[in-house]
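A look at the structure
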Amino acid sequence: MCSIIGYIGNRDVAQILLDGLSRLEYRGYDSAGIAGIQCEEISVVKRLGRVKNLSDAIDESVKFDGIGIGHTRWATHGSVSLENAHPHLSFHGIFSLVHNGVIENYESIKHFLVEKGYEFYSETDTEVLVNLIEYHFKKETSLENKFLVSVQKALLHVRGTYGIAVLCKHSPGEMVVARKSSPLLIGIGDNEMFIASDACAIVAHTHNVVYLNDGELASITQSDFSVVTMKNEKIDAVKCELDWRIEDVSRGEHEHFMLKEICEQPVALQNAMRGRFSDDLSTAKFGGLRLSPRELRQVDRILFCACGTAWHACLIAEYLIEKYARIPVEVAYSSEFRYSNAPLEKNTLVFVISQSGETLDSFAALQEAKRKGYRTLAITNVVGSTIARESEGGIYQHSGPEIGVASTKAFTAQVCVAAMLALLLGRLRDMSFDDGVAFVQALLQLPEKVSKILEKKDEIRLIAEKYAHHEDMLFLGRQSMFPVALEGALKLKEISYIHAEGYPAAEIKHGPIALISGKCPCFFLATQRNTLQKTLSNILEVKARNAMVIAVVAEGSKIPPGCTDDLIVVPETHDALEPILATIPLQLFAYYIAKARGCDIDKPRNLAKSVTVE
Ligand code: F6R
């Protein structure tokens, strides 16, 4: 949801900004723009659509004097137009600003500024903020830190969320940045500085970073930076080392990030498990939970909060933890939980799952649970992300950067972590040593089994191409395969724009079966032995109504001839891990359908990764 980059140094500023923006484009692609100081004035170049359109517009005449900021936009306030694109310029041209977030009280500030003679060219909340900064700058009499103080004063009047980077033409060697609920980090180079909303924009240049916390501002020059609070108290910033490599944020040999990330799943699963089993290989361990076995034993209930694909991972976690650890689990959409004031039992443990660790609704759900005094933990992928830092403990997925807008490897890693959590909690209760050992063995074999499914890529591509012309599809599964069905439907709709729904297989008789015809193929997740016969009956019910059927089944399952039109066979595994194996064909199916339909797979329409607005 919008992204920000900034650079101060001796290299070609526009080029560094453009490179960073193209790495950040998955965060929004409605428009892109850069601004820099050139011949003592602020110069801005913006274009609608992709970063490519912007780079085509940059010629020799754009030569910023060692400082610049850039932005890709996912429209919130105001339509997709050049006027609304960032960076925004203040009325008297003194400031330029890029912003990620939403200024909620922008209308009243705008009204105030209009009365002071300010005029506006855009419909955005951001233009209001840059003018409020200018207003304070013009009023400010002190010469010391005038730039920083004006930003501070303006932000004190702002309600909402922001990650901002600001340029001031009267302070041409300095950039001021600030954050509240929108990520921002400073990259420290060799006599050069970077700022970004996401580490992948700067990982090619430096691994040395400082994450700003909420309510902090920083004044940055080419060789130094200082971090202060809104009340100007100095903060000792903590430097961290990024563990991402440049290859992690490049597509490599793959045509799309989504396919690259699907193929990375064996490694992502290995990374999620590395160092996390007991020496006797009978249980899992997670140091980051910061809870003793005794404390974990006292947990009476678990609440999971998440959005989208991560919410599907929570639903699978519910099945696994209830089945193997016998602890009651509830799952809530973060966006619903944060406003629901739901009653929670005393010894409830609250888990937020978020790949990015920046999803605003999930962050708000975490804060709400914390406010109520519950122990809050997070399962996140991005180290140092807001949710990871604000929770009291948690588990990193270690999936590596996920750039494709449709989440794939992060989802299976989340389910893997959930399975390990079920194992850990189960072993603290009634799961036997032998059952624990069998569980761990199955986990250790998982990456190889995923690789086996990936070898069937071409087979799945041919099946996908056969169904690519359909406009409706149902995904059906029982028990823990129901959330997998939801995930299959979500993958398909978000990247191919085919209408798809996930349902518990037996539920369709209660309504959705009315949709069934030759025009609505049904995709069954039928890997579970104990419910296979029941699922086969459901398959026959839709077949009797002319539906084409694709089914994912486990090796060795007996499927009567003629029951299905297309069959995808996956290796057998432990019950708890079937959702992971069944997901891989669904991801490939959605990918190849979207490809056959000519869709923009890594940047689906209207979507962006890391949803930092409500
Ligand atoms: C779908 C997808 C989204 C995210 C959701 C939560 O493929 O990627 O539904 O799962 O926006 O994002 P995180 O996990 O970053 O909180």
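See the structure above.
Residues numbered from 1 in each chain as written. Predicted model: local features only at pLDDT ≥ 70, side-chain atom pairs only at ≥ 80, totals over all residues. Heavy atoms only, no water.

Quick word on the overall build of the chain
For the chain, the count of helices and strands is 18 helices and 25 strands. The C-alpha radius of gyration computed for the chain amounts to 26 Å, which stays within 12% of the reference 25 Å derived for 614 residues, consistent with globular compactness. Principal-axis analysis of the C-alpha atoms places the extent of the chain at approximately 80 × 55 × 45 Å. Taken over 614 residues, the chain has a buried fraction of 61%. A separation of at least 24 residues holds for 72% of the contacts in the chain among residues at least 6 apart in sequence. Counting only carbon and sulfur atoms, one obtains 49% of the accessible surface of the chain, whose full area is about 23400 Å². Taking the 65 positively charged and 77 negatively charged side chains of the chain as two groups, their mean positions are separated by 4 Å. (Helix = DSSP H or I, 4+ residues; strand = E, 2+ residues; numbered from the N terminus. Rg over C-alpha atoms; globule rule 2.2 N^0.38 Å. Buried < 20%, exposed > 50% of the residue type's maximum accessible area, 1.4 Å probe, protein only. Contact = heavy atoms within 4.5 Å. Areas by Shrake-Rupley, 256 points an atom, 1.4 Å probe, with all protein chains shown as cover. Lys, Arg positive; Asp, Glu negative; His and termini not counted. Charge placed at Lys NZ, Arg CZ, Asp CG, Glu CD.)

Thoughts on the layout of surface pockets
Considering only enclosed or pocket space, the largest pocket measures out at about 640 Å³ in volume. If you list the elements that add at least two residues to the lining of the largest pocket, you get α9 (308–324), β18 (348–354), α11 (360–371) and α16 (481–496). Here the element with the most residues in the lining of the largest pocket is α9; it accounts for five residues. Partitioned by chemical class, the residues of the lining of the largest pocket number 12 nonpolar, 12 polar and five charged. A domain split of the lining of the largest pocket shows at least three residues from each of domain 2 (251–455) and domain 3 (456–601). Computed from the structure, the second largest pocket encloses a volume of approximately 370 Å³. Along its surface, the second largest pocket is lined by 18 residues, and Arg 245, Asp 248, Asn 271, Ser 399 and Gly 400 are the ones closest to its centre. No other element matches the three residues that helix α7 (residues 265–273) contributes to the lining of the second largest pocket. Split by residue class, the lining of the second largest pocket holds five nonpolar, five polar and eight charged. Each of two domains, domain 1 (3–248) and domain 2 (251–455), supplies a minimum of three residues to the lining of the second largest pocket. (1 Å grid on protein atoms, 1.4 Å probe; cavity = no way out; pocket = protein on both sides within 12 Å on 5 of 7 lines; lining within 4 Å. Points joined across faces, edges and corners; volume = space filled by probe spheres on them. Nonpolar A, V, L, I, M, F, W, Y, C, P; charged D, E, K, R; others polar. Domains from an automatic or database assignment.)

A closer look at the packing of α7 against helix α14 (residues 433–454)
The N-to-C vectors of α7 and α14 enclose an angle of 170°; their axes lie 8 Å apart at closest approach. What the angle tells us is that α7 and α14 run roughly antiparallel. Contact residues: α7 offers Gln 265, Pro 266, Leu 269, Gln 270 and Met 273, while α14 offers Leu 443, Leu 444, Leu 446, Pro 447, Val 450, Ser 451 and Leu 454. In terms of residue class, the contact of α7 with α14 is made up of nine nonpolar, three polar and no charged. (Axes fitted to C-alpha atoms, helices over the stretch in contact; angles between N-to-C directions. Parallel < 35°, antiparallel > 145°, perpendicular 65-115°, else oblique.)

Examining the side chain of Lys 169
The topology assignment puts Lys 169 in the loop between β7 (162–168) and β8 (175–180). Lys 169 gets classed as buried once you look at its relative accessible area, which sits at 19%. Within the structure, Lys 169 has its side chain in polar contact with the side chain of Glu 41 (distance 3.1 Å). The contact partners of Lys 169, leaving out residues within four places of it in the chain, are Ile 37, Glu 40, Glu 41, Ile 42, Gly 93 and Ile 94. (Polar contact = N/O pair within 3.5 Å; in protein donor to acceptor, adjacent residues only side chain to side chain.)

Here's the deal with a nonpolar patch on the surface
Together, Leu 48, Val 80 and Leu 82 make up a nonpolar patch on the protein surface, roughly 230 Å² of accessible area in all. Here Leu 82 shows up in the loop between β4 (67–73) and β5 (88–89). (Patch = residues over 30% accessible without salt bridge, like charges linked within 9 Å, V, L, I, M, F, W, Y side chains within 5 Å. Salt bridge = Lys/Arg side-chain N within 4 Å of Asp/Glu carboxyl O.)

Digging into the site of the ligand
If you check the shell around the ligand, you find 13 residues, and the closest are Ser 354, Gln 355, Ser 356, Thr 359 and Glu 494. In the environment of the ligand, an oxygen atom lies 3.1 Å from a nitrogen or oxygen atom belonging to the backbone of Thr 309. The backbone of Val 405 places a nitrogen or oxygen atom 3.3 Å from an oxygen atom of the ligand. Protein coverage of the free-state accessible area of the ligand, which is 410 Å², stands at 87%. Counting atoms within 2 Å of the grid points, the majority share of the ligand lands in the largest pocket. Listed by contribution, the elements that provide at least two residues to the shell around the ligand are α9 and α16. For the shell around the ligand, the leading source of residues is α9, giving three residues. Class assignment for the residues of the shell around the ligand results in four nonpolar, seven polar and two charged. (Near = heavy atom within 4 Å. Sits in = over half its atoms within 2 Å of the grid points.)

Topic: the sheet that holds strand β19 (residues 375–380)
The strand order β17-β16-β18-β19-β20 describes an open sheet built from five strands, whose pairing is parallel. Strand pairing shows two members of the sheet lacking a second neighbour, β17 (329–333) and β20 (393–396), which therefore form its edges. The mean angle between the axes of side-by-side strands here comes to 20°, regardless of whether they run parallel or antiparallel. With six bridges connecting them, β18 and β19 associate as parallel partners. Bridging from a neighbouring strand, Leu 349 pairs with Arg 375 of β19. Here α9 sits on the sheet in contact with β16 (301–306), β17 and β18, set at roughly 170° to β17. Contacting β16, β18, β19 and β20, helix α13 (residues 409–427) runs over the sheet at an angle of about 160° to β18. (Pairing = 2+ DSSP bridges.)

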